[in-house]
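Fold and contact review
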Amino acid sequence: MASPIAIGPWRENGVILARIAIVCALLGPALTLARGQEVGEIEGKVSNDDPGRPLQMPPASTEVKEALEDFERFQRRGAWERALKALYTIPEDQAPRFVDGEDGFIISVARKRRDVLAELPPEGRAAYRLFYDAEARKLFDEAEGADEQAKLERVFSAYFTTSVGDDAADRLGDLYFERGRFDRAADCWLAALRDHPDTNLSPAALATKAALALHRAGRTSEFDQLRADLEGRYQNETVTLGGRSAPPAELLESLLGAGSPNSEARPDSAIDGGPLELGSSTEPNWVVPIAETIEAGMATAELNQWRASPLSNAAPAAAVDGSRLYLNYLGHILAIDLESGKLLWRSASFHNLETMANQPAAQMTDPAQFAILSRGEFLWCVTRDMKDPNYNASFQLVCRRADGGEVVWTSTDQPELASFEPSGTPLLGDDLLFVAAESQQNQPLPGQWVLAIRPHDGKLIWKTEVGSFRQTRQRYYYGQRQTTPHPRLLLDAGTLYVDTQIGVLARLDADSGTLEWGFGYQTEPTQGNMYVFYNRGAEPANAGGGPIPLGDALLVKGAQSSRLYAVDPNRMKLEWERAIGKSARPLGALDGAVILGGDEVGSLDIQTRNLSWATRLPGGSGSGAVLVRPDGVRQLTPRGVFEIAPATGDIRSIFRGSDLGAAAGGDLLLTADHVLTVSNRAITAYPRRADAPPTPEEKTPR
Amino acid sequence: MTPPFVSPTGVEPSRLRPLRRAAAAVACLALLAAVADSASAQYGSTPGIPQDIEGLTVIGKGSVSAAPDLAEIDLDVSASAEITGDAIVKFRDAKKRILEAFDALKLPNVAVEERGLLVDQKGAMVNPYYIDYNVSQKAKSEVQLSRKLVVKATGLREMEEDAALQLVGRLLDVAQDAGARVGPPPANPYYGVVYYRQGEGPALVRFVLEDLEKLREEAYEKAVADARKKAERLARLSGVELGPVLAVREVSAPTNRLIYPAIEPPNEEESSAENRLVSPKLRKIPVHVELQVRFEIRQAGKGNDQGKTSNQ
């Protein structure tokens, strides 16, 4: 029997519980809404520390992040000594590690430190100088001889806000300029001009030098802006540079006459600029058959089996150098004379490729990873031996002589390169070969590296880790494949950009390999190691592109991203971004528009960011090299070469040619005399300018 | 001591046993008879023909064929994008370019008809082939707009086969060059293994016979004549005379699903088109009619009023 005394508390508890329930019910929606907003904000922000992102740039330690937070907290209170002390507890070995910056940029700790110091209010700056001026001055005075650059960089990075920070930036700018590093020189002078308000240096002189460096670096819009300042704000001053004294604008004009903008910044190919017209004639100059060679003599069953293999749809990687065309067809290297189409040499015959294509290792091979690059007496191939039965066998970088194809060196024979697997097409600078590579021995997951190699002997000059992978590679056995992301490289005025295609565009100094910053963009979340045997449902295919220069900006679109970004790398600013879909890719920029590929070829107006038109071509435009020129956008399709009017998207003409039926994704290349179609069926050379005018019938879509 | 069991009727159980056995035997016999009857109905008799009727029942068949007059090609116009505005631009342009391409042909006997617009989503789907743990984290789904266009070319009957083929080929080329997906939607190859045998799926081009009324009339006439002819022969051989028709039943009549295999993509918009026959092949399309006709029979030499039906 229950006691009456016990009933009281139960009743009270019940009332309390009911009240709590009512309060929760009333507050619930509000809490949920707040949480939703928070999640939404977090979703929009890219963070290097987000565990869902497939690649993480070398992260700063937790202590560094705590030190930066302490600095912020003490700074707000005006406790300058404690704030600065917190900042300087960051060990120097953490300076090149990375933390989140603004606008999606992932910046080094050193840069973050310089940025927060540059933003100090006057009282903070005074306190800072009180504590660190002496130390900075000592370093600055010691910056002589072999250590000059390193010590100046240290002052510039760690003590920029001191009274000698601007002097260090100025001297460092001079050093870089003398070495031809105009880009970095401009950054140093601009920092002294803009971020050091009480500089004792002449702003007019700094601006003149910065403008000169910007011009040489090809940073046009920044140059124009600074020149306008020189003509306006500094017009009454006199600047002395190179033994000449004159008003800054006048001096700049005279100095500009002595040098031209860095041609490396925006390569202008005379080949691409010339006229291009494909006529109605289907007679090519020459044809190098591929499919025909492999399929010759096959019985029907063999033919069906071969054509069902993903390798049968692979087009060779191609590179044109001078009078030769080099091909990397699934590891078989060929050299072809562009004039006659004759085979000059080949590394091996590929007529028995079908026997290898049915092996598990070949089924899992990604044909897009084969790449080739040629210049002068060498060519470099990213390749693997298709006879190797190991489906996890690595690709390697092989250097061959262009003359006869003899192997000069391979990455597996170089101790420093052996632990890296190259991925993506290499890029050749003046005296360095750059290649993106995955490290294979790092535990637990490999890293994304960039290697700079001496081209002729394979000696490693520098290597830089861009990030470590949080996901491993997917293996496809059967069915619809998603394009495997391979990093893309761009060299611009001594700066190397690496788009990892999985969420990070990184900027490196091409000379030293210093990783300057990364730009984190939206990408698909981490996916585990998968062996995909069948179709993956109706997900949009993925396609990557870029980086493509667009004025001062770079267009970036990762293979697993659905957004296109225009990033100004020099101002470290995100100009704009736009959702374009995972299957879309930027092909080029034309007259105020970005030409997009993907399921359709489309045109995105740069001003309004509206899709102006879209034209669906047979087979789509998800891969393959497309010719984007002011006189037309041309693409190789299974039904011929389609020419699209850039302004309207109308199909202006269809050039059937002799290689119909090729798998989608072939390349269209332009040489001085030829238009080359490179597909899984054949390599065909057509005369660049047709003798006969095209027939009206071929000029209309049909 | 337990009292002896007495049934409610007052009869002792030992006396009931033979009765029960008899009842069980009768039930078994009835069951066997039912099974045998069912088996007989299934295997032994002609389906659809009543066994115990009076008169003479025959099947009459009539068939007429004619060349198709119309060729139809299904095109799929679809566009997808993360931003719906983009999907609309893509869809609008895709449709416009296809229509313009066919307009440019300037062929008076070719028309393009539009079917309904489907607004769907693409992406973020569960993969049926492996355990997919992170569907919700995948790429954002895209809005997909799609619409079926049907290209119709008329006047085929007046053309030579080569000319008809040229026309159809040209239409296919134009459609593909304009970026349209031609033919039925791509089937999942793994489902395809199960359901379709190779070569039996819907074809790229449908050849259609329209205005069936006249042909049907002719086929029915032939079927009735055939039935009468068969019945007269049977009557003559049986020594009886054929009387008037007592009943007629359609065994098969021409439908628009005559040619295709049973599994065909559902097509709600065209299912009401009864007055047409469709073939995947360019050939004369047959119109078949099969009728079951029952005639009265009379003894030979007796008048109509003295007639007595017999089938014994």
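Each remark here, short or long, concerns the structure printed above.
Residues numbered from 1 in each chain as written. Chains lettered and ligands numbered in written order. Predicted model: local features only at pLDDT ≥ 70, side-chain atom pairs only at ≥ 80, totals over all residues. Heavy atoms only, no water.

1. Observations regarding the overall build of chain B
Using the following cut-off: For the purposes of this entry, the term helix denotes a DSSP run of H or I that reaches at least four residues, the term strand denotes a run of E that reaches at least two, and both are numbered from the N terminus. Under the scheme applied here, a residue whose accessible area is under 20% of the maximum for its type counts as buried, over 50% as exposed, and between as partly exposed, the area being computed with a 1.4 Å probe on protein chains only. Contact criterion: two residues are considered in contact whenever any of their non-hydrogen atoms come within 4.5 Å of each other.
Along chain B, the regular secondary structure elements total five helices and nine strands. For chain B, the succession of helices and strands along the chain, N to C, is α-β-β-α-β-β-α-β-α-β-α-β-β-β. By the burial criterion, 34% of the 312 residues in chain B qualify as buried. Counting only contacts in chain B whose residues sit at least 6 apart along the sequence, the fraction spanning at least 24 positions is 80%.

2. Some points on the overall build of chain A
Quick reminder of the rule: Each accessible area is a Shrake-Rupley estimate made with a 1.4 Å probe; only the visible protein chains count as cover when residues are assessed.
Within chain A, the regular secondary structure consists of 17 helices and 40 strands. A buried classification covers 55% of the 702 residues belonging to chain A. For chain A, restricting intrachain contacts to residue pairs at least 6 apart in sequence, the fraction spanning at least 24 positions comes to 56%. Just so you have it, chain A exposes about 30,000 Å², and 51% of that area is on carbon and sulfur atoms.

3. Topic: the sheet that holds strand E7 (residues 240-252) of chain B
All names here are of chain B. Counted only if it meets this: One requirement defines pairing of two strands: DSSP has to find at least two bridges between them. Every axis in this analysis is a line fitted to C-alpha atoms, fitted for helices over the stretch in contact. Angles between the N-to-C directions lie between 0 and 180 degrees.
Taken together, three strands build an open sheet; the order of strands is E1-E9-E7 and the sheet is antiparallel. Edge positions in the open sheet fall to strand E1 (56-66) and E7, since each of these has one partner strand only. Within this sheet the neighbouring strands show an average axis-to-axis angle of 30°, counted without direction. Summarising the sheet, E7 and strand E9 (residues 285-299) pair through nine bridges and their orientation is antiparallel. Bridging across to E9, Val245 finds its partner in Phe295. Along the sheet face, helix H5 (residues 213-238) touches E1, E7 and E9 and points at about 145° away from the line of E1.

4. Brief notes about the pattern of salt bridges
What counts, and what does not: Each reported salt bridge corresponds to a side-chain nitrogen of Lys or Arg within 4 Å of a carboxyl oxygen of Asp or Glu.
This model, assessed by the stated rule, comprises 55 salt bridges over all chains. Among the ionic pairs, B:Asp173 bridges to A:Arg639, the shortest N-O distance being 2.7 Å. Here B:Asp173, found in helix H3 (residues 161-177), pairs with A:Arg639, found in the loop between strand E35 (632-637) and strand E36 (640-644), and the two come from separate chains. Residue classification places B:Asp173 among the partly exposed residues on the basis of a relative accessible area of 27%.

5. Some points on the packing of helix H2 (residues 84-105) of chain B against H3(B)
Residues and elements named next belong to chain B. Put simply, the rule is: Note on convention: near helix rotated counterclockwise from far helix by under a right angle means a left-handed crossing. Clockwise means right-handed. Note that Gly is not counted as nonpolar here; it falls among the polar residues with everything else outside the nonpolar set of Ala, Val, Leu, Ile, Met, Phe, Trp, Tyr, Cys and Pro and the charged set of Asp, Glu, Lys and Arg.
Direction vectors running N to C along H2 and H3 enclose 145°, while the axes themselves pass 9 Å from each other. Crossing of H2 over H3 shows right-handed handedness. Each of Ala101, Phe102 and Leu105 in H2 lies in contact with H3, whose residues at this interface are Arg170, Leu171, Val174 and Ala175. Residues belonging to the contact of H2 with H3 are distributed by class as follows: six nonpolar, no polar and one charged.

6. Focus on the side chain of A:Thr500
Operational definition: As used in this structure description, the phrase polar contact means that two N or O atoms lie within 3.5 Å; if the pair is within protein, one of them must be able to donate a hydrogen and the other to accept it, and residues adjacent in sequence are counted only when both atoms belong to side chains.
Within the element layout of this structure, A:Thr500 appears in the loop between strand E22 (495-499) and strand E23 (504-509). Only 2.8 Å separates the side chain of A:Thr500 from the backbone oxygen of A:Val504, close enough to count as a polar contact.

7. Description of a negative patch on the surface
All names here are of chain A. Just so we agree on the cut-off: Each patch groups residues whose relative accessible area exceeds 30% and which form no salt bridge, using 9 Å between like charges and 5 Å between nonpolar side chains of Val, Leu, Ile, Met, Phe, Trp and Tyr. By the counting scheme adopted, Arg and Lys are positive, Glu and Asp are negative, and His together with the chain ends is not counted. The atoms used to mark charge sites are NZ of Lys, CZ of Arg, CG of Asp and CD of Glu.
The grouping of Glu72, Glu102, Asp103, Glu119 and Asp195 at the surface amounts to a negative patch. Mapping Asp195 onto the fold places it in helix H8 (residues 182-195). On the basis of relative accessibility, which here comes to 34%, the residue Asp195 falls in the partly exposed class.

8. Things to note about the environment of A:Ala647
Topologically, A:Ala647 is positioned in the loop between E36 and strand E37 (651-655). Overall, A:Ala647 belongs to the exposed group, its relative accessible area being 69%.

9. Remarks on the packing of helix H3 (residues 80-87) of chain A against helix H5 (residues 122-142) of chain A
Residues and elements named next belong to chain A. Test applied: For this classification, under 35 degrees means roughly parallel, over 145 means roughly antiparallel, 65 to 115 means roughly perpendicular, and everything else is oblique.
In the contact formed by H3 and H5, the axes pass within 10 Å of each other and the chain directions differ by 60°. Between H3 and H5, the angle is such that the two are oblique. The hand of the H3/H5 crossing is right-handed. On H5, the residues touching Trp80, Glu81, Leu84 and Lys85 of H3 are Glu123, Gly124, Ala127, Tyr128, Phe131 and Tyr132.

10. Focus: the environment of A:Asp385
Residues and elements named next belong to chain A. Within the fold, Asp385 resides in the loop between strand E12 (378-383) and strand E13 (396-401). Under the relative-accessibility criterion, Asp385 is labelled partly exposed at 47%. The sequence separation of Asp385 and His215 amounts to 170 residues, and the corresponding C-alpha distance is 47 Å. Of the polar contacts made by the side chain of Asp385, one reaches the backbone nitrogen of Lys387; its length is 3.0 Å.

11. Let's talk about the nonpolar core
One broad rule of soluble globular proteins: the nonpolar side chains tend to lie buried together. All names here are of chain A. The condition that has to hold: Put simply, buried Ala, Val, Leu, Ile, Met, Phe, Trp, Tyr and Cys residues joined by side-chain atoms within 4.5 Å make one nonpolar core.
Core analysis: the largest hydrophobic core is formed by 83 residues, its most contacted members being Leu87, Tyr128, Tyr159, Leu226, Trp517 and Phe519. Of all the elements, helix H9 (residues 203-217) adds the most residues to this core, at ten residues. In contact with Leu226, other than residues within four places in its own chain, are Leu190, Leu193, Arg194, Ala207, Ala210, Ala211 and Leu214. In this structure, Leu325, Leu327, Leu373 and Trp409 belong to the second largest nonpolar core, which totals 46 residues.

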